[in-house]
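Chain residues, written in single-letter form:
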Amino acid sequence: MRQAGFTERGFALLAEAKAESDALASTERAAMRWSESARPLDARQQANLMLHDAAYQAASAGIVQRIGTFMQERDRHAQAEVHAAKRTARLMFGLQVAFTLLLFWTVWRSYGASQRILGTTPDALHACIARIGEGDFGTPIAVPAGRAHSVLAWLEQTRGALARLDAQHRGTEARNRRLMQLYTALSQCNQAIVRAADEAELFPQVCRSAVVCGGMKMAWIGMLDAETGALHPVAWHGDGTDYLRGLQISVRADSPFGHGPTGTAMREDRPCWCQDFQNDPATAPWRERGARHAWGALAALPLHRGGKVAGAFNLYAGEAHALDSDMQALLIEMALDIDFALEGFERERQRQRAEGRIQYLARHDALTGLPNRLQLQDHACYAISLAKRSGGGLAMMFLDLDHFKHINDTLGHGVGDALLVEMARRLRGRLREEDMVTRLGGDEFILLLPGTDAPGAAHVAHKLLAAISQPCRIEQYDLTVTASIGIALYPGDGTDLDSLSRSADVAMYRAKQENRNGYRFFTAEMQARSARHLLLGNALRHAVERDQLELHYQPQVDLADGRIVGAEALLRWRHPELGAVSPAEFIPMAEDTGLILPIGAWVLQQAAIQAKSWLDGGIGPLVVAVNLSAVQFRHPDLPEQVARILDEAGLPPQCLELELTEGVATHDPQAAIAIMGRLRELGVRMSLDDFGTGYSSLGYLKKFKLYKLKIDRSFVRDLCTDPEDMAIVSAIIGMAGNLGLKTIAEGVETAEQMQLLRETGCHEGQGYFYSKPLPAAGFAVLAAAGRMTGQVAGGGQGQT
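Bear in mind that the values here come from a model prediction, so they are computed numbers and not experimental data. Per chain, residues are indexed from 1 in the order of the written sequence. The model is predicted, so local features are restricted to residues of pLDDT at least 70 and side-chain atom pairs to those at 80 or more, both for listing and for counting; the totals for chains, interfaces and linings are taken over all residues. Heavy atoms throughout the structure, all of them, feed into the side-chain values; hydrogens and water do not.

Points about the overall build of the chain
Next, step 1: Helices and strands together make up the secondary structure of the chain, namely 26 helices and 22 strands.
Next, step 2: Across the 800 residues that make up the chain, the buried fraction comes to 41%.
Next, step 3: The Shrake-Rupley method, run with a 1.4 Å probe sphere, supplies the accessible areas, and residue values consider only the shown protein chains as cover. As displayed, the chain offers around 42,000 Å² of accessible surface, 55% of which is attributable to carbon and sulfur atoms. Numbered from the N terminus, helices here are DSSP runs of H or I no shorter than four residues, and strands are runs of E no shorter than two. Buried, partly exposed and exposed residues are distinguished by accessible area as a fraction of the type maximum, computed with a 1.4 Å probe on protein chains only: under 20%, between the cut-offs, and over 50%, respectively.

So, the pattern of salt bridges
Next, step 1: Any Lys or Arg side-chain nitrogen found within 4 Å of a carboxyl oxygen on Asp or Glu counts as a salt bridge. According to the stated counting rule, one finds 27 salt bridges in the structure shown.
Next, step 2: Lysine 512 is paired through a salt bridge with aspartate 400; the nearest N and O atoms lie 2.9 Å apart. Here aspartate 400 lies in strand S6 (residues 394-401) and lysine 512 lies in helix H14 (residues 497-513), a separation of 112 residues in the sequence.
Next, step 3: Here the salt bridges share partners, and the residues they tie into one network are Glu199, Arg305, Glu346, Arg349 and Arg353.

Topic: the sheet that holds strand S12 (residues 518-521)
Next, step 1: Spatially, S7-S8-S6-S11-S12 is the arrangement adopted by the five strands of the open sheet, whose pairing is mixed. Only two strands of the sheet have a single partner each, and these edge strands are strand S7 (436-441) and S12. For this sheet the average axis-to-axis angle between neighbouring strands, irrespective of direction, equals 20°.
Next, step 2: Here a strand pair is declared whenever DSSP counts at least two bridges between the two strands. Direction of pairing for S6 relative to strand S8 (residues 444-450): antiparallel, over a ladder of seven bridges. Within S8, the position partnered with leucine 399 by the bridge is phenylalanine 445.
Next, step 3: Packed onto the sheet, helix H10 (residues 373-390) meets S6, S7, S8 and strand S11 (483-490) and runs at close to 25° relative to S8. Here an angle of 0 to 180 degrees is reported between the N-to-C directions of two axes, which are lines fitted to C-alpha atoms, with helices fitted over the stretch in contact. Two residues form a contact once any of their heavy atoms are found within 4.5 Å.

Brief notes about unusual backbone geometry
Next, step 1: The peptide bond linking tyrosine 490 to proline 491 adopts the cis configuration, its omega dihedral lying at 5°.
Next, step 2: Unlike most non-glycine residues, histidine 321 shows phi in positive territory, near 60°.
Next, step 3: Checked against the element boundaries, histidine 321 lands in the loop between strand S5 (308-317) and helix H9 (325-363).
Next, step 4: By relative accessible area, histidine 321 is classed as exposed at 59%.

Structural notes on the sheet that holds strand S3 (residues 272-274)
To summarise the sheet geometry, strands pair through backbone hydrogen bonds and adopt either a parallel or an antiparallel arrangement.
Next, step 1: Pairing in this open sheet of five strands is antiparallel, and the strands run S2-S1-S5-S4-S3 from one edge to the other. The open sheet is flanked by strand S2 (231-238) and S3, the only strands paired with a single partner. Within the sheet, the average angular offset between the axes of one strand and its neighbour, ignoring direction, is 20°.
Next, step 2: Packed onto the sheet, helix H7 (residues 261-268) meets S2, S3, strand S4 (297-305) and S5 and runs at close to 30° relative to S4.
Next, step 3: Lying on the sheet, H9 is in contact with S3, S4 and S5; it crosses S4 at an angle near 25°.

Side note on H14
Next, step 1: Expected helix span is taken as 1.5 Å per residue step, with the number of steps being one fewer than the number of residues. With 17 residues, H14 extends 24 Å from end C-alpha to end C-alpha; this agrees with the ideal 24 Å at 1.5 Å per step.
Next, step 2: For H14, the tally of buried residues reaches 12 of 17 residues, placing the bulk of the element in the interior.
Next, step 3: Those residues of H14 not exposed but buried are Leu497, Ser499, Leu500, Ser501, Ser503, Ala504, Val506, Ala507, Met508, Arg510, Ala511 and Lys512.
Next, step 4: One or two steps after H14, the chain reaches asparagine 515, where phi turns positive at roughly 75°.

Considerations on the side chain of threonine 262
Next, step 1: Tracing the backbone shows threonine 262 in helix H7.
Next, step 2: Among all residues touching threonine 262, those that are not within four sequence positions of it are Leu231, Ile249, Ala300, Ala312 and Asn314.

As for the pairing of S12
Regular strands place side chains that alternate from one sheet face to the opposite one.
Next, step 1: Two elements, S11 and S12, share four bridges in a ladder whose sense is parallel. The residue of S12 that forms the bridge with isoleucine 487 is phenylalanine 521.
Next, step 2: With the strands aimed away from the viewer, a crossover counts as right-handed if its path from the first strand over the helix to the second runs clockwise. Traced from S11 through H14 to S12, the parallel crossover comes out left-handed.

Description of the environment of asparagine 372
Next, step 1: Checked against the element boundaries, asparagine 372 lands in the loop between H9 and H10.
Next, step 2: Sequence-wise, asparagine 372 and alanine 362 are 10 residues apart; in three dimensions their C-alpha atoms are separated by 7.8 Å.
Next, step 3: The contacts of asparagine 372, once residues within four sequence positions are left out, are Leu361, Ala362, Arg363, His364, Asp365, Thr438 and Arg439.

Things to note about the confidence of the model for the chain
Next, step 1: The share of residues in the chain with pLDDT of 70 or more is 85%, and the mean pLDDT across the chain is 82.
Next, step 2: When mean pLDDT is taken per element in the chain, strand S21 (residues 764-766) scores highest with 94 and helix H20 (residues 662-667) scores lowest with 62.
Next, step 3: The score called pLDDT rates the predictor's confidence residue by residue, from a low of 0 to a high of 100. Scored below 50 in pLDDT, residues 791-800 makes 31 contacts in the model with residues more than four places away or belonging to other chains.

Quick look at the environment of isoleucine 117
Next, step 1: Along the chain, the position of isoleucine 117 falls in helix H3 (residues 54-118).
Next, step 2: Each residue touching isoleucine 117, except ones within four places of it in the same chain, is listed here: Ser150 and Val151.

Quick word on the packing of helix H17 (residues 596-616) against helix H19 (residues 638-649)
Next, step 1: In the contact formed by H17 and H19, the axes pass within 9 Å of each other and the chain directions differ by 35°. Here H17 runs over H19; the crossing is right-handed. Listed contacts from H19 to Ala601, Leu604, Gln605, Ala608, Ile609 and Lys612 of H17 are Gln641, Val642, Ile645, Glu648 and Ala649. A crossing counts as left-handed when the near helix is turned anticlockwise from the far one by less than a right angle, and as right-handed when that turn is clockwise.

Comments concerning the packing of helix H11 (residues 404-411) against helix H12 (residues 413-429)
Next, step 1: At a closest axis distance of 6 Å, the pairing of H11 and H12 adopts a crossing angle of 140°. When the interaxial angle is binned, H11 and H12 end up oblique. Together, Phe404, Ile407, Asn408 and Leu411 of H11 and His413, Val415, Gly416, Leu419 and Leu420 of H12 make up the contact between the two elements. Working rule for angles: under 35 degrees goes down as roughly parallel, over 145 as roughly antiparallel, 65 to 115 as roughly perpendicular, anything else as oblique.

What about a nonpolar patch on the surface?
Next, step 1: Note on patches: the residues involved have over 30% relative accessible area and no salt bridge, like charges join within 9 Å, and the nonpolar side chains Val, Leu, Ile, Met, Phe, Trp and Tyr join within 5 Å. A cluster of nonpolar residues, Leu91, Met92 and Leu95, forms a patch on the protein surface that exposes about 330 Å² of accessible area.
Next, step 2: With respect to the helices, strands and loops of the structure, leucine 95 is situated in helix H3.

Here we look at the packing of aromatic side chains
Next, step 1: Pairing of aromatic side chains here covers Phe, Tyr and the six-membered ring of Trp, requires ring centres within 6.5 Å, and sorts the geometry by plane angle: under 30 degrees stacked, over 60 edge-to-face, intermediate tilted. What the rule picks out here adds up to nine aromatic pairs.
Next, step 2: Note on phenylalanine 277 and tryptophan 295: the rings are 6.1 Å apart at their centroids and 85° apart in plane angle, and the pair reads as edge-to-face. Separated by 18 residues along the polypeptide, phenylalanine 277 in the loop between S3 and helix H8 (287-291) and tryptophan 295 in the loop between H8 and S4 bring together distant segments of the chain.
Next, step 3: Overall, the relative accessible area of 2% leaves tryptophan 295 in the buried class.
Next, step 4: Of the aromatic side chains, those joined through ring pairs into one cluster are Phe277, Trp295 and Tyr316.
Next, step 5: Over a ring means this: the NZ of a Lys or the CZ of an Arg is within 6 Å of the ring centre and within 35 degrees of the ring normal. A cation over an aromatic ring shows up here: arginine 685 above the ring of tyrosine 707, its NZ or CZ 4.3 Å from the ring centre.

Looking at helix H13 (residues 454-468)
Next, step 1: For H13, spanning 15 residues, the distance from its first C-alpha to its last is 21 Å, which sits close to the expected 21 Å at 1.5 Å a residue.
Next, step 2: When we look at burial in H13, the residues that qualify are Ala457, Ala458, Val460, Ala461, Leu464, Leu465, Ala467 and Ile468.

So, the side chain of aspartate 725
Next, step 1: Mapped onto the elements of the fold, aspartate 725 is located in helix H24 (residues 723-738).
Next, step 2: Comment: no salt bridge for buried aspartate 725; closest opposite-charge side chain is arginine 717, at 6.7 Å. Neither His nor the chain ends is counted toward charge; the positive residues are Lys and Arg and the negative residues Asp and Glu.

The following block contains the structure:
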């Protein structure tokens, strides 16, 4: 109401009217309560009087008066507002008329100037704007002379700018289109890589994708000939593939065809971009060919296999300078994907080769290429089945080269392997097509001869032995080897591969025992010996722990006065079921199986303990001699083992003598000298057994620093009747004396032998003339006597 223009006095009149109205309303409510109550009639009359008295009437008239006054004041205010609005309207109308007149005058003045500002008529300007709006940026707008700063001139400038932007846009669209095409080609290339099995399947798809999907004019892939340095196309697609016929591209810098983009890319192992094929000097040798197909640009990217450049991927675009940086990046990525595929194909080829090699090795010997046991089993099953049905013969041979280990040890495994390859070639060359020769390993070969009886097998064995014994040139060595062959015949010697090979193996070992370089047929007696050999081999493994081994001692006597000066400890084995087993039978077996090491250590320990017992018992001092096998002597821990045994037994080192055979000492003289030196440092004496039966070098004999030489029984046996044996024995004794060595003769069995040895200057003797080997208790009784004259304690003829 204040915003409508009402005064404070008007508000006061309204407030007074409202207050009096509220008072009258209170009187009226009281009268209504009187009239509605259940009172006498006079009460109702009293209520009626309350509404009609002078005070009530005066109050009601006051309310009306005040409202009327307020309404009059409101009318006066409204009339004033109307008069003010009329004055304002008349003023605004006058101003509008004046402005209209001014605007008309201004437009009339500006019309002439508008021609100069617009540069043309509005309709002509509108038509130009409409053409530009429709995208016609190529039609120039003619600007009249003197209108260089007009709207029309500005519109022409705008059209030119839009024309340039449109051209750029169209170029960008073309470029983007080419990029999209290359992206599609790259995708197609990757899909082809996933599907393709090799280069022959992949390369044509890659070239086709580059042309069909990538928008190239032509694409081809060439692979490098490493020997000639030339690039040979292997896949292509697109227009102008006839260009590749007779194409000459080289990777070599000295070739006139090696300096183009492709040759340079391969030689320098980097992408080469020729943006203008027809004008680039590098493409001169091929420009005439390329001109026929309107090629504008060339990309040459090297391809790799195994980390080396293997070829090139070449792409030709129809426009010059079409290969911008983005397109180059995509093409490089495509080449890298092809490289990845080539690596995968190479790995797959290597895997297939390895798998083929594995399959080959599963059935062939890796060194000689001969069939192995697996293939032999298949062939033997077929041959045995055929022989069983037809009643024909079948022979199996087990062939082993003689002394092949010596070749490996002396000349090296390379020479040994070459010899095995040559022997395999000779064996194959002497057999029929239906025969089979296999190598089991080492120098062992098994031959399967279907339809062959005993005479036929013998004939083949003769041919094989003759072929093997022919001289063989390996590197700078002229080698001649022999072989031992065991033959088993089906069905008498076996009815399957295992039984036949066992029989042939047994026969082969018999051939080796009988001077080698020959063949033997399997017999029942061989089977019995083989069974005993197996039984003894198993029993020998438990002989020590089952207390089946014991030592016997044979006295060694001073020939000058007959005193017992020592004893040789000799191993004996008494099996509870097999009885006494000869050392000549079980010692070689222990050496072959490696049991000689624990058994030899046990012998050394027992001999040291016994010698210490005799020494403590007042017998001696005696020197106990213990034989060492070749396997024991070559063991690197031998000196430490001997020192430990002496220390544990408490035996003085000079009471122990270790006997070596001539072959053991001279097998590796330098190593023997080193080991002997370490044993001498312990104070242990060394003697050389069986002297004169081998091929000792006297130079090494001097370096061995021995204590004693033992003359072999073979020279002592006929000493009294054979002048040559006498001469040999005399020479050995004389040589030993000159070297400061003592001598002892073994196998002394007669007084005459003893006398001759004493007269010749031999220091000691040992043999049945004095005593056979005795258990420790028996030897102690004998040694307590102190002096021996011969033929005591069970002496007599026999072997030690």
